[in-house]
Amino acid sequence: MAADKSVRRVALLTAGGLAPCLSSAVGGLIERYTQVAPDVEIIAYLNGYHGLLSGRHLEVTPDVRAKAGLLHKFGGSPIGNSRVKLTNTADLVKRGLIADGQNALQVAAERLVADGVDVLHTIGGDDTNTTAADLAAYLHEHDYDLTVVGLPKTIDNDVIPIRQSLGAWTAAEQGAIFARNIIAEHSSNPRMLVVHEVMGRNCGWLTAATAQEYRNWLKQQEWNPGIGLTAAGWDVHAVYVPEATIDLDAEAERLKKVMDENDCVNIFLSEGAGVPSIVAEMEARGEAVGRDPFGHVKLDTINPGAWFAQQFAERIGAEKTMVQKSGYFSRSAAANDRDLALIKECTDYAVDAALRGESGVIGHDEERGDELRAIEFPRIAGGKEFNPEVEWFTTLLTEIGQH
């Protein structure tokens, strides 16, 4: 495929929280351009929109291109991330990224023009890609022809209307690996309550998928109950996601029996479950609730896992409780084979779309028969809910006795 004559230079940026796809996606884009349009120059803005506003970028040299495949082996992002919302002027001024009175969209647009960028590739979640849409719209209004092609990165798989976000499968697998060690803590004390808190602000997919991955591992193990090594002690006893109502009284009664039978209770909890109740309690006490530049509650400041542990501990007769969070462990991993295949499919399509001047976010469009395509920016949104009625999840709940 030959490059369109108008595409001379492309820019890459990664933004938002980490996910097990960023490094691989950067590598995949570089590899595809090198394969089909080797004359196109590539630059990468450092730390996402932070670098775009501050004018920090690096050139993708021939040596970098030759070794781009190494990026598939690592987690994180080689070019760095940040949480920057171009339309949150007050936050940008506070952080010194723009001067008081400046328009961040204008600053970013002028930087892209000055750097001679024809195509911008954004790799991030819904916030990253809707910010890219704002920027593309601004440039279009000011007669600058920029193609913007996004790739969807969220570990909780919550981007509308994309079937599967990059990195989510790996995050579930890594969360299950984390759980193998954390669940061992059920043996550290009599009547132990272990809460495994999984990332997922509004979507329970990652928590459910992590529990499923963990139980797949559990079923493959051999046990020695005569010495106390039992499947029941290592099992998941409850899975709580934001999309399902939790009857605390009924669950406490059920889990009290589990505790009496197994001397432990192991819970997988989505960090977004119960957040409205927790925020309401904090605000009623006059406590400030921290929020990020996008207005999201900072979940690490309200500790959903600790709140749930407190709700259950006395009612189920727990002598000791432990809350452990797998999020940072899971999101910083290198992509697994399943995600690597999806990343390659999407990065190849992203480059091909860019060269033909087609903007959008690349993914399998659930509203268009799961077709892989450049999905229009106005249709991209966060907050896609997990369906707790899907068969694999209802089967899991039935197996662990949760209704």
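The protein chain carries the name Pyrophosphate--fructose 6-phosphate 1-phosphotransferase in an unreviewed UniProt entry, which gives Kribbella alba as its organism. The heading Subcellular location (unreviewed entry) in the UniProt record of the protein chain holds the text "Cytoplasm". Of the protein chain, the UniProt comment under Cofactor (unreviewed entry) reads exactly: "Mg(2+)".

Right, let's talk about the pairing of strand β8 (residues 264–270) for a bit. Most of β8 sits inside the fold, with seven of its seven residues counted as buried. Burial along β8 is two-sided: the face carrying C264, N266, F268 and S270 and the face carrying V265, I267 and L269 are both buried. As defined by bridge partners, strand β6 (residues 192–198) adjoins β8 across seven bridges and the pair is classed as parallel. Looking at β8, one finds that E197 is bridged to L269. Here strand β7 (residues 238–240) runs beside β8; their pairing, made up of three bridges, is parallel. In the strand pairing of β8, A238 is matched with I267.

Taking 1.5 Å of rise per residue, 15 residues should cover 21 Å, and helix α1 (residues 22–36) covers 21 Å from first to last C-alpha, within 8% of that figure. Extensive coverage of α1 is indicated by the burial of twelve of its 15 residues. Those residues of α1 that fall on the buried side of the exposure criterion are L22, S23, S24, A25, V26, G27, G28, L29, I30, R32, Y33 and V36. Buried residues in α1 make contact with β1 (9–14), β2 (41–45), α3 (62–66), β4 (119–124), β5 (147–152) and α14 (337–355).

With respect to the helices and strands, Q35 occurs in helix α1. Sequence separation of Q35 and D348 is 313 residues, and the distance between their C-alpha atoms is 10.0 Å.

What the seven strands build is an open sheet, ordered β3-β2-β1-β4-β5-β10-β11; its pairing is mixed. Looking at the sheet topology across the chains shown, the edges are occupied by β3 (57–59) and β11 (371–375). For this sheet, the mean angle separating the axes of adjacent strands, direction not counted, is 25°. Sheet analysis places strand β10 (residues 360–365) next to β11, joined by five bridges and oriented antiparallel. Residue pairing in the sheet places H364 in a bridge with L372 of β11. Across the sheet, α1 touches β1, β2, β4 and β5, and the angle it forms with β4 is around 155°.

If you look at the biggest cluster of nonpolar residues, it comprises 72 residues, and the most contacted ones within it are Y33, L151, W205, Y214, V239 and I362. The contacts of Y33, once residues within four sequence positions are left out, are V10, P38, V40, I42, R65, V119, H121, V351, A354 and L355. Ranked by size, the runner-up nonpolar core spans 35 residues in total, among them I43, L53, V84 and A132.

Our focus in this paragraph is the UniProt feature "site: Important for catalytic activity" (unreviewed entry) in the protein chain. Following the UniProt record, one finds the feature "site: Important for catalytic activity" (unreviewed entry) at K153. Here K153 shows up in the loop between β5 and α7 (168–182). With relative accessibility at 7%, the residue K153 sits in the buried group. Contact partners of K153, with chain neighbours within four places excluded, come to A15, G16, G17, L18, A19, C21, L22, G124, G125 and L166. Reaching out from K153, the side chain makes a polar contact with the backbone oxygen of G17 at a distance of 2.8 Å.

The subject of this paragraph is the packing of α1 against α14. Packed helices, taken two at a time, are described by their axes: the angle between them and the distance between them. Here α1 crosses α14 at 50°, and the two axes come no closer than 9 Å. One way to sum up the angle between α1 and α14 is to call them oblique. The two elements α1 and α14 cross, and the hand of that crossing is right-handed. Mapping the contact onto sequence places S24, A25, G28, L29, R32, Y33 and V36 in α1 and L340, I343, T347, D348, A350, V351, D352, A354 and L355 in α14.

It is worth spelling out the pattern of salt bridges at this point. What the rule picks out here adds up to 22 salt bridges. We note a salt bridge from R9 to E59, for which the minimum N-O separation is 3.5 Å. Here R9 is found in strand β1, whereas its partner E59 is found in strand β3, with 50 residues between them in sequence. Classification of E59 by relative accessible area gives partly exposed; the value is 40%. Salt-bridge contacts for K384 lead to E366; the nearest nitrogen and oxygen are separated by 3.5 Å. Pair noted here: K384 is in the loop between β11 and α15 (391–400) and E366 is in the loop between β10 and β11, with a separation of 18 residues, a long-range link. The class of E366 is partly exposed, set by a relative accessible area of 39%. Linked by salt bridges that have partners in common, D365, E367, R373, E376 and R379 make up one network.

The rules behind each value
Residues numbered from 1 in each chain as written. Predicted model: local features only at pLDDT ≥ 70, side-chain atom pairs only at ≥ 80, totals over all residues. Heavy atoms only, no water. UniProt positions renumbered as here; feature names shortened; annotations may be inferred. Buried < 20%, exposed > 50% of the residue type's maximum accessible area, 1.4 Å probe, protein only. Helix = DSSP H or I, 4+ residues; strand = E, 2+ residues; numbered from the N terminus. Pairing = 2+ DSSP bridges. Expected span 1.5 Å × (residues − 1). Contact = heavy atoms within 4.5 Å. Axes fitted to C-alpha atoms, helices over the stretch in contact; angles between N-to-C directions. Core = buried A, V, L, I, M, F, W, Y, C linked by side-chain atoms within 4.5 Å. Polar contact = N/O pair within 3.5 Å; in protein donor to acceptor, adjacent residues only side chain to side chain. Parallel < 35°, antiparallel > 145°, perpendicular 65-115°, else oblique. Left-handed = near helix turned anticlockwise from the far one by under 90°. Salt bridge = Lys/Arg side-chain N within 4 Å of Asp/Glu carboxyl O.

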